[in-house]
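# Tertiary structure, described
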Number of protein chains: 2
Amino acid sequence: MDDETPDCGHDHDHPRVAHEALAPHLLERAAAIFRAAGDPGRLRILHCLLCGEHCVSDLADESGDGLSTVSQRLKILRAERLVTRRRDGKHIFYGLADEHVAELVRSALDHARHDH
Amino acid sequence: MDDETPDCGHDHDHPRVAHEALAPHLLERAAAIFRAAGDPGRLRILHCLLCGEHCVSDLADESGDGLSTVSQRLKILRAERLVTRRRDGKHIFYGLADEHVAELVRSALDHARHDH
DNA sequence: TTCACAGTTCATCATTCGTTCAACTGATGG
DNA sequence: CCATCAGTTGAACGAATGATGAACTGTGAA
């Protein structure tokens with residue numbers, strides 16, 4: 001290979017491109033986080049959890065969906081580490097993983113409100 | 001109907017649930033925003049735009065994908081008002097819609113880095 | 001141990017999604 | 001006007017996704 005010329009086919013003056021490479025797996029992970037939150041059913045769950053822990057049955061009641069459906073949603077949220085799990089007797093309580101996640105959810109809801 | 005008892009089938013003491021109702025269309029919109037950002041190809045574009053405007057051809061070069069592919073991605077990002085469009089001669093420049101969006105992207109990438 | 005309750009997992013199925021090629025629009029330059 | 005470059009749009013197709021009922025796991029009570 002010759003040099004690292006980016007053989008760009010166009011002629012305009014390029015903007016300042018200070019690319020910090022952004023590892024592919026990082027991109028994939030961040031996208032997966034967004035994707036997990038990008039479903040109304042799952043986002044509703046995250047919103048519920050903004051005000052504290054809930055057990056699966058409660059979440060099912062609040063959304064009007066079946067236990068199975070809610071459990072599947074929680075599984076996906078958990079796979080992305082967006083929620084935590086805690087057993088207490090018969091019930092399993094879910095909560096937001098950290099304040100970072102809470103901020104992300106609030107931020108998107110704000111944007112949705114403000115934008116319309 | 002009797003009263004507004006939420007006929008909850010379980011027996012544990014419920015956590016403080018201060019639900020602010022969260023309009024369905026708002027939920028749908030917020031989810032759509034996350035969904036738009038929840039694809040590696042589109043997220044890479046958003047990341048590129050963190051450091052300023054780019055035209056479609058540049059974005060295509062940076063990702064190694066075709067013009068058509070990138071254009072479709074931008075269409076989705078634009079539908080959710082995540083990016084802006086500006087024509088300058090032959091080229092069309094895209095940029096992040098506002099600092100709010102930039103924050104959202106940075107936040108998710110941080111979370112992806114910090115997490116696993 | 002046996003039953004019931006709370007959740008999870010599995011398999012299926014319809015829907016949605018993302019990429020691609022080809023055809024189209026629109027501005028610039030000769 | 002015509003050719004060309006930059007980008008968009010539409011249709012097609014395979015891949016990924018989400019909901020659901022049935023079967024399964026695990027905990028507490030009788």
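Each remark here, short or long, concerns the structure printed above.
Reference entry: report on the structure contained in this document. Owing to the predicted nature of the structure, the values given are computational and were not obtained by experimental measurement.

Criteria and thresholds
- Numbering of residues starts from 1 in each chain and follows the order in which that chain's sequence is written.
- Chain letters and ligand numbers both follow the written order, the letters beginning at A and the numbers at 1.
- The predicted nature of this model means local features are confined to residues of pLDDT at least 70 and side-chain atom pairs, given and counted, to a pLDDT of 80 or more, with totals for whole chains, interfaces and linings taken over all residues.
- Each side-chain value is derived from all of the structure's non-hydrogen atoms; neither hydrogens nor water enter the calculation.
- Whether a residue is near a molecule or strand depends on its heavy atoms: it is near if one of them lies within 4 Å of it.
- Under the rule applied, a polar contact is a pair of N or O atoms within 3.5 Å (in protein, one hydrogen donor and one hydrogen acceptor; residues adjacent in sequence only if both atoms are side-chain atoms).
- Here a helix means four or more residues in a row that DSSP labels H or I, a strand means two or more in a row labelled E, and each is numbered from the N terminus.
- Throughout this entry, Asp, Glu, Lys and Arg are counted as charged residues, while Ala, Val, Leu, Ile, Met, Phe, Trp, Tyr, Cys and Pro are counted as nonpolar. The remaining residues, Gly among them, count as polar.
- To define a nonpolar core, start from buried Ala, Val, Leu, Ile, Met, Phe, Trp, Tyr and Cys residues and group those joined through side-chain atoms within 4.5 Å.
- For every residue, the accessible area (1.4 Å probe, protein chains only) is compared with the maximum for its type, and the residue is labelled buried under 20%, exposed over 50%, or partly exposed between those bounds.
- We call two residues in contact whenever any of their non-hydrogen atoms come within 4.5 Å of each other.
- Whether two strands pair depends on DSSP finding at least two bridges between them.
- Helix axes are fitted only over the stretch in contact, all axes being lines through C-alpha atoms; the angle between N-to-C directions runs from 0 to 180 degrees.

## Comments concerning the protein's contact with DNA strand C
- Taken together, 26 residues sit near DNA strand C, with A:Ser57, A:Gln72, A:Arg85, A:Tyr94 and B:Arg73 positioned nearest.
- By atom count, sugar and phosphate contribute 68% of the portion of DNA strand C lying within 4 Å of the protein.
- Contact between DNA strand C and A:Tyr94: a phosphate oxygen at 2.5 Å from a side-chain N or O atom of the residue.
- Contact distances for DNA strand C include 2.6 Å between a base nitrogen and a side-chain N or O atom of B:Ser68.
- Of all the secondary-structure elements, those providing two or more residues to the surface near DNA strand C are α3 (56-63), α4 (67-79) and β3 (91-96) of chain A together with α4 (67-79) of chain B.
- Among the residues forming the surface near DNA strand C, the class breakdown is six nonpolar, ten polar and ten charged.

## Structural notes on the nonpolar core
- Of all hydrophobic cores here, the largest spans 64 residues; its most connected members are A:Leu46 and B:Leu46.
- Every residue in contact with A:Leu46, bar those within four places of it in the chain, is listed here: A:Ala37, A:Leu77, A:Leu82, A:Val83, A:Leu96 and A:Val105.

## Points about the pairing of strand β2 (residues 83-88) of chain B
Residue and element names in this part refer to chain B.
- In terms of strand pairing, β2 meets strand β3 (residues 91-96) through six bridges, oriented antiparallel. Residue pairing for β3: arginine 87 is matched across the bridge by isoleucine 92.
- Following β2, the chain reverses through two residues before pairing antiparallel with β3; glycine 89 in that reversal takes a positive phi of roughly 65°.

## With respect to the sheet that holds β3(B)
All names here are of chain B.
- Pairing within the open sheet is antiparallel, and its three strands lie in the order β1-β3-β2. Across the chains shown, the open sheet's two edge strands, defined by having one partner strand only, are β1 (54-55) and β2.
- In terms of strand pairing, β1 meets β3 through two bridges, oriented antiparallel. Bridging across to β3, histidine 54 finds its partner in tyrosine 94.
- Against the sheet, helix α2 (residues 40-49) touches β1, β2 and β3, its axis set at about 90° to β3.

## Here's the deal with the protein's contact with DNA strand D
- In the region of DNA strand D, 26 residues are neighbours, and A:Arg73, B:Ser57, B:Ser71, B:Arg85 and B:Tyr94 sit closest.
- In DNA strand D, the atoms that sit within 4 Å of the protein are 67% sugar and phosphate, with bases accounting for the remainder.
- Looking at the surface near DNA strand D, the elements with two or more residues in it are α4 of chain A together with α3 (56-63), α4 and β3 of chain B.
- Its residues placed into classes, the surface near DNA strand D shows six nonpolar, ten polar and ten charged.

## Some words on the side chain of B:Ser107
- Note on placement: B:Ser107 falls in helix α5 (residues 99-114).
- A residue is classified by how much of its surface remains accessible, and B:Ser107, at 14% relative accessible area, is buried.
- Residues in contact with B:Ser107, not counting those within four places in the same chain, are A:His100 and A:Leu104.

None of this, on its own, says anything about what the molecule does.
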